[in-house]
Amino acid sequence: MASRLARHLCHPSAHVHPSARLAAGVVVGAGAFIGARCDLHPGVSIGAGVRIGERTVVGPNCTISHGSVGARCVLHGGVHIGADGFGFAVDQAGVMRKKPQLLRVLIGDDVEVGAGTCIDRGSWRDTTIGAHTKIDNLVQVGHNVWVGSHCLLCAHSALGGSATIGSYVVMGGKSAVAEHVTVCSNVRLAACSGVTKAITIPGDYAGFPAQPASSWRREVALIRGLKRV
């Protein structure tokens, strides 16, 4: 049962299932939906209209706004979902203008998101994380990004705005995909690799700019050989 303090911080129009557990100090906004057997830890803020699926665990000090989280998900401490994406333009007068960020983040079932990760809301399409995808700590997912199912995004990896990656993609630590770039399904990106153009053939990729890992290894071996000359 929710504590008395937690109930006082739930908007009257919010629906919180009786089996959900809300720690003291949790805030649930207007029209939000908290499913059965959810577990919301201290300091969690659920924005207006957000939907949280059954058995989802939301760790301490997470904020979720402008979107939905599926069933049986785990969000570790300090995750921020639904903040504005990084979109700006310079007008004819040379003034920096913010582009509207008005859409949502949609997270599928059985997704895990590591501590300190940020997933931005969309501007021209909803930011989407497919079912069973696992995201490590301190990962940045930009606005309008589309991530397929069963992906693994390792720590410090980053997806630029409007990037698209298919299913069963592995991003090694500190790897990145540039904005508006597409990566097909069944691709593995080595740590610290940078994808600057579309990858259309499944396989292993490495380096900056990213290329097939076998080619990258040959280039590294060649360069090392030249140093010995």
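Residues numbered from 1 in each chain as written. Predicted model: local features only at pLDDT ≥ 70, side-chain atom pairs only at ≥ 80, totals over all residues. Heavy atoms only, no water.

Our focus in this paragraph is the nonpolar core. Core analysis: the biggest nonpolar cluster contains 51 residues, and Leu 159, Ile 165 and Val 177 have the highest contact counts within it. Those elements that place two or more of their residues in this core are strand 15 (105–107) and strand 28 (187–189). (Core = buried A, V, L, I, M, F, W, Y, C linked by side-chain atoms within 4.5 Å. Buried < 20%, exposed > 50% of the residue type's maximum accessible area, 1.4 Å probe, protein only. Helix = DSSP H or I, 4+ residues; strand = E, 2+ residues; numbered from the N terminus.)

We now examine the pattern of salt bridges. Scanning the model with the defined rule gives eight salt bridges in all. For Asp 91, the salt bridge is made with Arg 97, and the minimal N-O distance between the two is 2.8 Å. Here Arg 97 falls in the partly exposed class, since its relative accessible area comes to 48%. Where salt bridges share partners, they join Arg 72, Asp 109 and Asp 110 into one cluster. (Salt bridge = Lys/Arg side-chain N within 4 Å of Asp/Glu carboxyl O.)

Note that strand 9 (residues 63–64) and strand 12 (residues 80–83) share two bridges and pair parallel. What sits directly across from Thr 63, in strand 12, is His 80. (Pairing = 2+ DSSP bridges.)

What follows deals with the sheet that holds strand 9. Sheet architecture is open: nine strands sit in the order 3-6-9-12-17-20-23-26-29, paired in parallel fashion. Of all the strands in the sheet, the pair left with one neighbour each is strand 3 (27–28) and strand 29 (194–195). Judged from the two bridges that link them, strand 20 (residues 140–141) and strand 23 (residues 158–159) form a sheet pairing that is parallel. Looking at strand 23, one finds that Gln 140 is bridged to Ala 158.

Considering the arrangement of structural elements, one finds Ser 193 in the loop between strand 28 and strand 29. Ser 193 sits in the buried class, given a relative accessible area of 2%. Discounting residues that sit within four places of it in the chain, Ser 193 has contacts with Lys 174, Ser 175, Ala 176, Tyr 205, Ala 206 and Gly 207. (Contact = heavy atoms within 4.5 Å.)

Looking at the protein chain as a whole, its pLDDT mean stands at 95, while 95% of the residues score no less than 70. Residue range residues 1–6 is modelled with pLDDT below 50. Its contacts to residues more than four positions away, or to other chains, number 14 contacts. (pLDDT = per-residue confidence, 0-100.)

Bringing the state of the cysteines into the picture now. Counting across every chain of the model gives zero disulfides. Counting only cysteine sulfurs, Cys 38 is the nearest neighbor of Cys 10, a cysteine outside any disulfide, at a range of 12 Å. We classify Cys 10 as buried; its relative accessible area is 17%. Cysteine Cys 73 shares no disulfide, and the gap to the nearest cysteine sulfur, in Cys 38, comes to 9.4 Å. (Disulfide = S-S within 2.5 Å.)

We now examine the sheet that holds strand 22 (residues 152–153). Pairing is mixed across the open sheet formed by eleven strands, whose spatial order is 2-5-8-11-16-19-22-25-28-30-31. Unpaired on one side and paired on the other, strand 2 (21–22) and strand 31 (211–212) mark the two borders of the sheet.

Next up on the list: a nonpolar patch on the surface. The grouping of Phe 86, Phe 88, Val 90 and Met 96 at the surface amounts to a nonpolar patch, some 480 Å² of accessible area in total. Along the chain, Val 90 falls in strand 13 (residues 88–90). Looking at Val 90, the relative accessible area reads 54%, which means it is exposed. (Patch = residues over 30% accessible without salt bridge, like charges linked within 9 Å, V, L, I, M, F, W, Y side chains within 5 Å. Areas by Shrake-Rupley, 256 points an atom, 1.4 Å probe, with all protein chains shown as cover.)

Most peptide bonds are trans, and most residues other than glycine sit at a negative phi. The peptide bond linking Phe 208 to Pro 209 adopts the cis configuration, its omega dihedral lying at -5°. Positive phi is not limited to glycine here, since Asn 186 has a value of about 60°. With a relative accessible area of 46%, Asn 186 lands in the partly exposed category.

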